[in-house]
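The lines below spell out each chain.
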Amino acid sequence: MIRYYVIATVIVLTVAVLATAWANRALIQIKIASVNVRVPPKPAPPLQVKAAARPPFIGTAPWALSALPECFQQVLQAKGSPSFVAKYIPRGARLVRAGTTIVQNDCVVRIGRNQAFVTRGPDRFRIPPRARFYRSGRQLVLVRAAGGHVTLRTYVPTRSPGKP
């Protein structure tokens, strides 16, 4: 009787080994076949859509030059009485005459009798009345009186891109 158990065990083990080998053979074929499968090309990236043009900034802004770091960099601000602010006007500074146009990078400052107009691309700013400009070396000084106090802002030009 043991002889029959041994023969049956050998038959079951043989069938199990053959079935396992057959199953693994099929998996190997699938893996190999998956390497050879052609992959469709990736879809083209979406077209670059240009951003909608923003509306221009237009308005009155005593701080207009401070908002244009590509053209001018504010280095000093003083606010107070006329005598207090006068201490911050550099020695030897010369009044910039009305009708003068200052071009710095892509900014244009047109100085009027007591106001100025600043243009950069589509943006347009007006520095309101009682504004006076002074030059001292590279510095541009704006002194503006309004509401009983005076504000002085000193700017230096920003180097244009591409210039050392």
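For the structure, see preceding data.
The structure contained in this document is the topic of the report that follows. (Residues numbered from 1 in each chain as written. Predicted model: local features only at pLDDT ≥ 70, side-chain atom pairs only at ≥ 80, totals over all residues. Heavy atoms only, no water.)

**Looking at unusual backbone geometry**
Located in the positive-phi region is Asn 105, a residue other than glycine, with phi close to 55°. Note on placement: Asn 105 falls in the loop between strand E4 (101-104) and strand E5 (107-111). Given a relative accessible area of 28%, Asn 105 falls into the partly exposed group. With a phi close to 70°, Arg 130 is a non-glycine residue in the positive phi region. Exposure remark for Arg 130: the relative accessible area of 54% places this residue in the exposed category. (Helix = DSSP H or I, 4+ residues; strand = E, 2+ residues; numbered from the N terminus. Buried < 20%, exposed > 50% of the residue type's maximum accessible area, 1.4 Å probe, protein only.)

**Quick look at the state of the cysteines**
Taken as a whole and judged by the stated rule, the model has one disulfide. Across the disulfide, Cys 71 is cross-linked to Cys 107 (sulfur-sulfur distance 1.9 Å). Between Cys 71 and Cys 107, the disulfide has an S-S torsion of 75° and is therefore right-handed. In this pair, Cys 71 sits in the loop between strand E1 (58-60) and strand E2 (72-80) while Cys 107 sits in strand E5, placing the two residues 36 residues apart along the sequence. We classify Cys 107 as buried; its relative accessible area is 0%. (Disulfide = S-S within 2.5 Å.)

**What to know about the pairing of strand E9 (residues 139-146)**
When you tally the buried positions in E9, you get six out of eight residues, the bulk of the element. Count of turn residues in the strand E8 (residues 131-136)/E9 antiparallel hairpin: two residues, of which Gly 137 carries a positive phi of about 60°. Of the pairings in the sheet, the one linking E9 to strand E10 (residues 149-157) comprises seven bridges and is antiparallel in character. Bridge pairing in E10 places Val 141 opposite Thr 154. The hairpin formed by E9 and E10 contains two residues between the paired strands, and Gly 147 there has a positive phi angle of roughly 60°. (Pairing = 2+ DSSP bridges.)

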